[in-house]
Amino acid sequence: MFKRTLWLLGSALLLNSCTLMTNTSGTRVYNLDFDANAFRPVTTQVNGREVRYRAYERVVYVRSPQDTTYQSMNIYVPEEYFGGRTIGAYNAQTAPIFLPNGVGGYMQAEPGTAGNDERTGSPNAALVALSRGYVVAAPGARGRSTKNAAGEFVGKAPAAIVDLKAAVRYLRYNDRAMPGNAERIISNGTSAGGALSALLGASGNNRDYEPYLTALGAAQTRDDIFAVSSYCPITNLENADAAYEWQFGGVNDYTRLQIARDTDFRIQRTLVPGTLTAEQIALSNELKPTFPAYLNGLRIRSGSGGGSSVLTLDQNGNGSFKEYVASFIQASAQTALDAGQDLSAATYLTVSGGRVTAVDFDAYVRAVGRQKIPPAFDGLSLENGENELFGTSAANARHFTAFSQQRSKAGGAVAEPEVVRLMNPMNYVGATGTQRALHWRIRTGTADRDTSLAVPVILGTRLINAGYDVDLFLPWNVPHSGDYDLDQLFAWMDRVAAP
Ligand code: DHB
């Protein structure tokens, strides 16, 4: 009874309470104070060296969660920081906080764990981070098929980004109570998780998300972060169909990727071959010419400073932007060549005297091959994961572009533009009332066909133009994947976050 009275007095009183409470509707209310005693000690080996840390697992990061399986995070802290010791350049006050999200396919993700990668057996990014003196906070997030007990969807857009923001707020709210520096949060994610990582970095403190955060009882503090690592972001979804056909239009054979969860809830990817139908080719031909108008409207520039020029495309999709994208493939190939790789199979390259002097972009596209059927993301039958991302509590899937809505084979329900907007970092670079991450590392491999290379290149270039520190690179021949270059990733993180 006393607790219930407290609740009625208002949530401010909950802040200093250590107990779980029940509100008037009978749902549990969680305390957001970090409990330094609620840990499990762990000792493990990383590359032959002993690593000891404290594991705080399943820490619920909002007061009124809809699903604690996902709206919780695992926090790992090197043992050294409880004894006043240092790891490399870091101590309990200065250690950066590594924030990896495990989102894939815009599905819900449970909090990540530190350990060895299931496939490779090597230490995963969280464990490497601990061994290098980082505090790790690995948040879960709701996703496109999360349902509540009543069978309603509760993870549709913008749930996942709201959850990640709430996790950031928890860390900042508890900055003094926890080792690690909440002003040095570095986010990491791959694919849909890479998109969310970028969105987290682009949209800090923007008020568009406030009603959602308030409804969950997120800590009332800032949610901007310090730096972003984003692998192959599946982002800019409103423009991704056009970007895909700008790149792959004219390539009619495909190997399509099917993503599903197996019985252990692990993501499984299967490639299914096929050829576009006449109807699909017609859609590609309609989408492709819409991309130059979008690109030209952005007025992005190559490089920064006075010598840069505005990147454009003509109505056929040719022009300086295409050459600019090709220049990233060229730089990638040069790096591979310098590292002694044999590039003779890449017949779209011109190599002479140890230099990659030209890239035939159209031939590159044919060599890498199409993966998706047009429209690549906003499926006319609402068949794609992105359609499900934009569903409602009752409707599993909706459209999110006017193009697909107008041609819908599934009734044509379309997401509210305000909701679509919330999922795209491009809308927040340059927006007022927003604090963006200062440092960005964006990677999409040259063998990635899950979205057009234009998508990461446009995002990175926008950020460069806006004056941010951006490391944008397309690793040679790397397919859709992430965390494959942890040594370089952490070297970059150490450089940008050095105390
Ligand atoms: C992912 C891959 C996709 O091709 C896509 O459209 C969305 C998400 C992923 O791997 O997360």
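Residues numbered from 1 in each chain as written. Predicted model: local features only at pLDDT ≥ 70, side-chain atom pairs only at ≥ 80, totals over all residues. Heavy atoms only, no water.

The subject of this paragraph is the overall build of the protein chain. A tally of helices and strands in the protein chain yields 15 helices and 15 strands. Since a compact globule built from 499 residues should have a radius of gyration of about 23 Å, the 23 Å found for the protein chain is in line with a globular shape. Each principal axis of the C-alpha atoms in the protein chain carries an extent, and together these give about 70 × 55 × 50 Å. Each of the 499 residues in the protein chain was classed as buried or not, and the buried ones make up 56%. In the protein chain, of all internal contacts separated by at least 6 residues, the share reaching a separation of at least 24 is 69%. Approximately 20,400 Å² of the protein chain is accessible, and the part contributed by carbon and sulfur atoms is 48%. (Helix = DSSP H or I, 4+ residues; strand = E, 2+ residues; numbered from the N terminus. Rg over C-alpha atoms; globule rule 2.2 N^0.38 Å. Buried < 20%, exposed > 50% of the residue type's maximum accessible area, 1.4 Å probe, protein only. Contact = heavy atoms within 4.5 Å. Areas by Shrake-Rupley, 256 points an atom, 1.4 Å probe, with all protein chains shown as cover.)

Cis geometry is found at the peptide bond from A157 to P158, where omega equals 10°. Positionally, P158 belongs in the loop between β7 (135-139) and α3 (159-173). A cis amide bond, omega -10°, links P374 with the succeeding residue P375. Unlike most non-glycine residues, R299 shows phi in positive territory, near 50°. Looking at the secondary structure, you find R299 in the loop between α8 (290-298) and α9 (320-338). Positive phi, close to 60°, is recorded for N477, a residue that is not glycine. Look at N477 and you get exposed, because its relative accessible area is 53%.

Time to look at the packing of aromatic side chains. Summed over all chains, the structure comprises 20 aromatic pairs. Each ring, one from Y209 and one from Y428, has its centre 5.6 Å from the other, and the planes form 45°; the classification is tilted. Remark: Y428 occurs in the loop between α13 (417-422) and β14 (439-443) and Y209 occurs in the loop between α4 (192-202) and α5 (210-216); sequence separation between them is 219 residues. As far as burial versus exposure is concerned, Y209 and Y428 are alike and both buried. Judged by centre distance (6.5 Å) and plane angle (40°), the rings of F321 and Y324 are tilted. With F321 and Y324 both in helix α9, this residue pair falls three residues apart, about one helical turn. Owing to a relative accessible area of 0%, F321 belongs among the buried residues under this scheme. For Y324, a relative accessible area of 11% gives the class buried. Three or more aromatic residues link up through ring pairs in this structure, and these residues are W246, F291, Y294, F321, Y324, F328, Y348, F361 and Y364. Between the NZ or CZ atom of K156 and the centre of the ring of F153, over which it lies, the distance is 4.2 Å. (Phe/Tyr/Trp six-rings, centres within 6.5 Å; stacked < 30°, edge-to-face > 60°. Lys NZ or Arg CZ within 6 Å of the ring centre and 35° of its normal.)

The environment of the ligand is made up of G104, G105, S191, A192, I234, I259, R269, K372, F377, E386, D450 and H480. One of the backbone N or O atoms of G105 is found 2.5 Å from an oxygen atom in the ligand. In the environment of the ligand, an oxygen atom lies 2.7 Å from a nitrogen or oxygen atom belonging to the side chain of K372. Starting from 290 Å² of accessible surface for the ligand in isolation, the protein chains cover 95%. With respect to the detected pockets, the ligand is housed in the second largest pocket. Residues of the shell around the ligand, tallied by class, amount to four nonpolar, four polar and four charged. (Near = heavy atom within 4 Å. Polar contact = N/O pair within 3.5 Å; in protein donor to acceptor, adjacent residues only side chain to side chain. 1 Å grid on protein atoms, 1.4 Å probe; cavity = no way out; pocket = protein on both sides within 12 Å on 5 of 7 lines; lining within 4 Å. Sits in = over half its atoms within 2 Å of the grid points. Nonpolar A, V, L, I, M, F, W, Y, C, P; charged D, E, K, R; others polar.)

The subject of this paragraph is the layout of surface pockets. Of the voids in this model, the second largest pocket is the one considered here, and its volume is about 700 Å³. What lines the second largest pocket is a set of 32 residues, and nearest its centre among them are L257, A376, E383, N384 and G385. For the lining of the second largest pocket, the elements supplying multiple residues, two or more each, are β10 (253-261), α7 (278-287) and α11 (385-389). Split by residue class, the lining of the second largest pocket holds eleven nonpolar, eleven polar and ten charged. (Points joined across faces, edges and corners; volume = space filled by probe spheres on them.)

Time to look at the side chain of N465. By secondary structure assignment, the location of N465 is in helix α14 (residues 454-465). Look at N465 and you get buried, because its relative accessible area is 19%. Residues in contact with N465, not counting those within four places in the same chain, are I300, R301 and G303.

Turning our attention to the pairing of strand β12 (residues 349-352). With four bridges joining them, β12 and strand β13 (residues 355-359) adopt antiparallel strand pairing. If you follow V351 over to β13, its bridge partner there is V356. The hairpin turn running from β12 into β13, its antiparallel successor, is two residues long, and G353 in that turn takes a positive phi close to 60°. (Pairing = 2+ DSSP bridges.)

All right, on to the nonpolar core then. I75, L171, F291, F321, F390, W440 and I458 are the most contacted members of the largest nonpolar core, which totals 142 residues. Setting aside residues no more than four positions away along its own chain, I458 makes contact with F291, Y294, L295, L298, I300, F321 and M426. (Core = buried A, V, L, I, M, F, W, Y, C linked by side-chain atoms within 4.5 Å.)

What follows is about the pattern of salt bridges. Counted by the stated rule, this structure contains 24 salt bridges. One salt bridge in this structure joins E110 and R58, with 2.6 Å as the shortest N-O distance. Of this pair, E110 sits in the loop between β6 (96-100) and α2 (125-131) while R58 sits in strand β4 (residues 49-60), and the two are 52 residues apart along the sequence. Take E110: its relative accessible area is 36%, and that puts it in the partly exposed class. Here R58 falls in the partly exposed class, since its relative accessible area comes to 41%. (Salt bridge = Lys/Arg side-chain N within 4 Å of Asp/Glu carboxyl O.)

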